[in-house]
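Read off the chains here:
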Amino acid sequence: MALVFLISLAVVVTFLALLELLYSGLVLKPERLRSALRKQGIRGPGPSLLLGNISEIRKSRSTTVRASTNEPPLFHNCAATLFPFFEQWRKQYGPVFVFSLGNTQILYVSQADVVREITTCTSLEFGKPSYQQRELGPLLGQGILTSNGKVWAHQRKILAPELYTDKVKGMMSLIAESTTVLLSSWKSRIEKEVGVAEIKIDEGMRSFSGDVISRACFGSNYSKGAEIFLRLRALQEAMSKKSLSIGIPGMRYMPTKKNREAWALEKDVRNLILEIVKERKETAHEKDLLQMVLESAENSNLGQDAMDQFIVDNCKNIYLAGYETTAVSATWCLMLLAANKEWQDRVRAEVLEVCGSAGCIPDADMLRKMKLVSQLPVFHHRIY
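Structural notes, computed from the coordinates.

About the thresholds
Residues numbered from 1 in each chain as written. Predicted model: local features only at pLDDT ≥ 70, side-chain atom pairs only at ≥ 80, totals over all residues. Heavy atoms only, no water. Helix = DSSP H or I, 4+ residues; strand = E, 2+ residues; numbered from the N terminus. Buried < 20%, exposed > 50% of the residue type's maximum accessible area, 1.4 Å probe, protein only. Contact = heavy atoms within 4.5 Å. Areas by Shrake-Rupley, 256 points an atom, 1.4 Å probe, with all protein chains shown as cover. Pairing = 2+ DSSP bridges. Salt bridge = Lys/Arg side-chain N within 4 Å of Asp/Glu carboxyl O. Expected span 1.5 Å × (residues − 1). Axes fitted to C-alpha atoms, helices over the stretch in contact; angles between N-to-C directions. Left-handed = near helix turned anticlockwise from the far one by under 90°. Nonpolar A, V, L, I, M, F, W, Y, C, P; charged D, E, K, R; others polar. Phe/Tyr/Trp six-rings, centres within 6.5 Å; stacked < 30°, edge-to-face > 60°. Lys NZ or Arg CZ within 6 Å of the ring centre and 35° of its normal. Parallel < 35°, antiparallel > 145°, perpendicular 65-115°, else oblique. Polar contact = N/O pair within 3.5 Å; in protein donor to acceptor, adjacent residues only side chain to side chain.

Some remarks on the overall build of the protein chain
Then, number 1: Tallying secondary structure elements over the protein chain gives 19 helices and two strands in all.
Then, number 2: Taking all 384 residues of the protein chain together, 33% fall into the buried category.
Then, number 3: The long-range share in the protein chain, meaning contacts at least 24 apart out of those at least 6 apart in sequence, stands at 62%.
Then, number 4: For the protein chain, the accessible area works out to roughly 24100 Å², and carbon and sulfur atoms hold 60% of it.

A short note on the side chain of threonine 146
Then, number 1: Looking at where threonine 146 falls in the secondary structure, it is placed in the loop between helix 7 (137-140) and helix 8 (149-159).
Then, number 2: Excluding residues that lie within four positions of it along the chain, threonine 146 makes contacts with Lys128, Gln132, Gln133, Leu140, Gly141 and Asn317.

Considerations on the pairing of strand 1 (residues 96-101)
Then, number 1: Burial of strand 1 is extensive: six of the six residues sit out of reach of the surface.
Then, number 2: Connecting the antiparallel pair strand 1 and strand 2 (residues 104-109) is a turn made up of two residues, with glycine 102 showing a positive phi of about 65°.

Description of the pattern of salt bridges
Then, number 1: Throughout the structure, instances matching the rule amount to ten salt bridges.
Then, number 2: The residue aspartate 365 makes a salt bridge to arginine 368 at a minimum N-O spacing of 2.5 Å. One end of the pair, aspartate 365, and the other, arginine 368, are both in helix 17 (residues 364-369), three residues apart, so they sit about a helical turn from each other.
Then, number 3: On the basis of relative accessible area, arginine 368 is assigned to the partly exposed category, the value being 45%.
Then, number 4: Where salt bridges share partners, they join Glu227, Arg231 and Asp268 into one cluster.

Observations regarding helix 13 (residues 257-282)
Then, number 1: Given a rise of 1.5 Å per residue, 26 residues ought to cover 38 Å, and the 38 Å separating the end C-alpha atoms of helix 13 matches this to within 8%.
Then, number 2: For helix 13, the full list of buried residues reads Asn259, Ala262, Leu265, Val269, Leu272, Ile273, Leu274, Ile276, Val277 and Arg280.

Quick look at the packing of helix 11 (residues 201-218) against helix 15 (residues 304-339)
Then, number 1: Helix 15 packs onto helix 11 with a crossing angle of 145° between their chain directions and a minimal axis gap of 8 Å. Regarding helix 11 and helix 15, the two cross each other, and that crossing is right-handed. Contacts between helix 11 and helix 15 involve Ile201, Asp202, Met205, Arg206, Ser209, Gly210, Ile213, Ser214 and Phe218 from the first element and Cys315, Ile318, Tyr319, Gly322, Tyr323, Glu324, Thr326, Ala327, Ala330, Thr331 and Leu334 from the second.
Then, number 2: Of the residues in the contact of helix 11 with helix 15, the class split is eleven nonpolar, six polar and three charged.

Notes on the packing of aromatic side chains
Aromatic ring pairs are reported here in terms of the distance separating the ring centres and the angle at which the planes meet.
Then, number 1: Applying the stated criterion across every chain yields a total of twelve aromatic pairs.
Then, number 2: Aromatic pair phenylalanine 229 and tyrosine 319: ring centres 6.1 Å apart, planes at 25°, arrangement stacked. Residue phenylalanine 229 is located in helix 12 (residues 222-241), and its partner tyrosine 319 is located in helix 15; the two are separated by 90 residues in the primary sequence. Each member of the pair, phenylalanine 229 as well as tyrosine 319, carries the same accessibility label: buried.
Then, number 3: Of the aromatic side chains, those joined through ring pairs into one cluster are Phe83, Phe85, Phe86, Trp89, Phe97, Phe99 and Tyr108.
Then, number 4: Against the face of tryptophan 343 rests arginine 346, its NZ or CZ located 5.0 Å from the ring centre.

A few points about the pairing of strand 2
Then, number 1: In terms of strand pairing, strand 1 meets strand 2 through six bridges, oriented antiparallel. When the sheet's bridge partners are listed, serine 100 is paired in strand 2 with glutamine 105.

Observations concerning the packing of helix 13 against helix 15
In a pair of packed helices, the angle between the axes and the distance between the axes together describe the arrangement.
Then, number 1: Two numbers describe how helix 13 lies on helix 15: the axes approach to 10 Å, and their chain directions differ by 105°. Classed by the angle they form, the pair helix 13 and helix 15 counts as roughly perpendicular. Contact residues: Glu266, Val269, Arg270, Ile273, Leu274, Val277 and Lys281 in helix 13; Gln304, Asp308, Gln309, Ile311, Val312, Cys315 and Lys316 in helix 15.
Then, number 2: Of the residues assigned to the contact of helix 13 with helix 15, the class counts are seven nonpolar, two polar and five charged.

Let's talk about unusual backbone geometry
Of all residues except glycine, most have a negative phi; of all peptide bonds, most are trans.
Then, number 1: Despite not being glycine, valine 194 has its phi angle at roughly 55°, a positive value.
Then, number 2: Structurally, valine 194 is set in the loop between helix 10 (172-192) and helix 11.
Then, number 3: Classification of valine 194 by relative accessible area gives exposed; the value is 75%.

A few points about the side chain of serine 209
Then, number 1: One can find serine 209 in helix 11.
Then, number 2: Here arginine 206 takes part through its backbone oxygen, which lies 3.2 Å from a polar atom of the side chain of serine 209.
Then, number 3: Those residues in contact with serine 209 that lie beyond four places of it in its chain are Tyr323, Thr326 and Ala327.

On their own, these measurements won't tell you what the molecule is for.
Okay, here's the thing in structure tokens:
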């Protein structure tokens, strides 16, 4: 009888402890964060238990989709169309507010001076959101894009020197080769369609930047690098499909269709990268980004599993940081040039002046002489 009582007591105590843990994680901790922000005058939409503001986001998106037509947009504020809930909350709560994705509290900031201060903050205490590593683990792992503190400082010390201007100059031949391939594909399509063709620039720019990163990162293993790029793109799309489940407790562990797809792609990418690493160890060393990451891992005190994870995560991070930012920036610049003919004419005249009417492929020294071309990113920010 005493044994039954003790077992029952243990079950009750365990159950109560579990309830306390859930209450603390789902209610108390989020409320403490919101309370601290409210004292600073930062408010936001009230969250529901478990889902946060996900239901409101879905409702806002579905309303926007129903209201949209095939007519050309009357304005270029695409953010208001893609993220109508942000626009609504910004008008209601101001340029700085807090909202929830499940149990994750997110601070939205659209004040230019505050954004500038955040992006230029060099304190290791500032860090990156912990949920990125938890929820986006299959895509980003524990590489430089998600790590914090001493781990981040170590990874930055390894990667940053390889991306300095002098090193990038050495990649000009790779960039020129990939550009030639892209332009040839566009010319071929235009010829096939008798002089006029509708081309989706963003797809071409993504392929171009992925091609450059594949060559720079994997050298002679470029073809396998290209395969990794395609799998990473598929993994990125798979992760974006479940973006609204981020923060819902336990969802990342559930064997849903989207999770299984992401897990399978993560395994494929890992295996492909480690195959290249194995081949690289058996052949002569090359001076590329993979070799730099590999040597750093071998010179550390990491075990084999941790070493493999370090290599895989940072290769994925190099890909994602390199190709996405480059592709988006280049696409916006091309779009703005198309919309502003005066700038287009001035830039074309400068390129012809520096490169000659024969159209020789520019090198690093020629690019330095193109003052207007170097202003295009600034032009982008002025317009938007």
